[in-house]
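# An overview of the molecular structure
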Amino acid sequence: MNNIDWYPLRFQPILKEKIWGGNALKTYLNKTHDDMPFGESWEIVDLPENQSIITNGSLKGKELGEVVTAFAKAILGTSVVERFGTSFPLLIKYIDAADDLSVQLHPDDVLAAQLHKGKGKTEMWYILKADSGAQLIIGFKDKMTLEQFDTCVANTTVNDHLQYIDVQEGDSFFISAGLIHAIGKGIVLAEIQQTSDITYRVFDYNRKQQDGSLRDLHIDHARSALNFTNPDDYILSYDKEKVGAQVLKHGAYFKTDIVQLATSSHKVDRTDSFTVLMMVSGNMTYTFDNITEVLEIGETLLIPADCTECVIQGIDAKFLEVYL
């Protein structure tokens, strides 16, 4: 690959069939024409076994990992490369939970490196759509110790001690490594996470897979990773009526803002980091180098650090702006 005149990158989603998946990725986010129980759409990913493919411009057909390796500073930004190396540090996805996801948690960086030679998983969620009565599980509802947890696992009563939270469109949550959690049925959400696919499943409702087997649980690893104290920052509060940009979560692994457009435009011109835009309501246009394209609900855009100013416009449109 020669020198590139950088531009906003679009990718082919990678759809993941799940035992709890539904049809919202087809009917609501227009990801597919297939009637399969897809649970996840991986929008941007740089893992050895899963590579996003660029679908536009001079880099069309290239894998994200190949391009980032060759042009790390141009895409990620110099400071991001210094902190995270020459692979894309985030996994961006949409999730359709037609049924309850397993009760689970993820390791931090130290444990993931020790046990899996990988990275931990800290993540956040933004609710695009929620049926009436839809709930998330986040943390324990009362004080819990390791001994009590072991007893609950043995008696299959873990769910009796979890904290259930009613949710609606526009709610947002931060799930740190070690925090027990689950996405309940009837929810479509956007997920921003570290580039990791390590999950410790604690309870899966005794569901059987197509071959009649139960999915594996990972109790021993979960015991090592569990945070028994609920953090105080898992609910991300903001003004849902405010026009313009607001902070949802600025942390060590990602910074995410919610941007609501009315009639004004929004500029993306940072040079120290890439920017990811996730369209979560309505649609908008983005203009770069006198070329205007449309970004619709459920679509995702990666703006490289070396990409010059990109102007966003839309009416009654909302998107997540993610960077480092």
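Residues numbered from 1 in each chain as written. Predicted model: local features only at pLDDT ≥ 70, side-chain atom pairs only at ≥ 80, totals over all residues. Heavy atoms only, no water.

### Quick notes on the overall build of the chain
- Helix and strand counts for the chain come out as 7 helices and 24 strands.
- For the chain, whose C-alpha radius of gyration is 20 Å, the value lies close to the compact-globule estimate of 20 Å for 324 residues.
- With respect to the three principal axes, the spread of C-alpha positions in the chain is 65 × 40 × 40 Å.
- Looking at the 324 residues of the chain, the share that counts as buried comes to 53%.
- By sequence separation, contacts in the chain at least 24 residues apart represent 75% of the contacts at least 6 residues apart.
- Carbon and sulfur atoms make up 44% of the accessible area of the chain, which amounts to about 14,500 Å² in all.
- Charge separation in the chain, taken as the distance between the mean sites of 29 positive and 46 negative side-chain charges, equals 2 Å. (Helix = DSSP H or I, 4+ residues; strand = E, 2+ residues; numbered from the N terminus. Rg over C-alpha atoms; globule rule 2.2 N^0.38 Å. Buried < 20%, exposed > 50% of the residue type's maximum accessible area, 1.4 Å probe, protein only. Contact = heavy atoms within 4.5 Å. Areas by Shrake-Rupley, 256 points an atom, 1.4 Å probe, with all protein chains shown as cover. Lys, Arg positive; Asp, Glu negative; His and termini not counted. Charge placed at Lys NZ, Arg CZ, Asp CG, Glu CD.)

### Focus: the sheet that holds strand S20 (residues 283-288)
- Read across the open sheet, the 4 strands follow the order S18-S23-S20-S21; overall the sheet is antiparallel. Across the chains shown, the open sheet's two edge strands, defined by having one partner strand only, are strand S18 (266-268) and strand S21 (291-296). Within this sheet the neighbouring strands show an average axis-to-axis angle of 25 degrees, counted without direction.
- Direction of pairing for S20 relative to strand S23 (residues 310-313): antiparallel, over a ladder of 3 bridges. The residue bridging Tyr-286 from the neighbouring strand is Ile-312, located in S23. (Pairing = 2+ DSSP bridges. Axes fitted to C-alpha atoms, helices over the stretch in contact; angles between N-to-C directions.)

### Examining empty space enclosed by the protein
- If you walk through the whole model with that rule in mind, you get 1 cavity of 30 Å³ or more.
- In this structure, the largest cavity occupies an estimated 40 Å³ of space.
- For the lining of the largest cavity, the residue count by class is 3 nonpolar, 3 polar and 4 charged. (1 Å grid on protein atoms, 1.4 Å probe; cavity = no way out; pocket = protein on both sides within 12 Å on 5 of 7 lines; lining within 4 Å. Points joined across faces, edges and corners; volume = space filled by probe spheres on them. Nonpolar A, V, L, I, M, F, W, Y, C, P; charged D, E, K, R; others polar.)

### Thoughts on the layout of surface pockets
- Quantified by volume, the largest pocket comes out at close to 570 Å³.
- Glu-17, Lys-18, Trp-20, Arg-201 and Arg-215 are the residues nearest the centre of the largest pocket, which is lined by 28 residues in total.
- Of all the secondary-structure elements, those providing two or more residues to the lining of the largest pocket are strand S2 (14-22), strand S3 (38-44), strand S7 (90-97), strand S9 (123-130) and strand S13 (181-183).
- By residue number, the principal contributor to the lining of the largest pocket is S2, which donates 5 residues.

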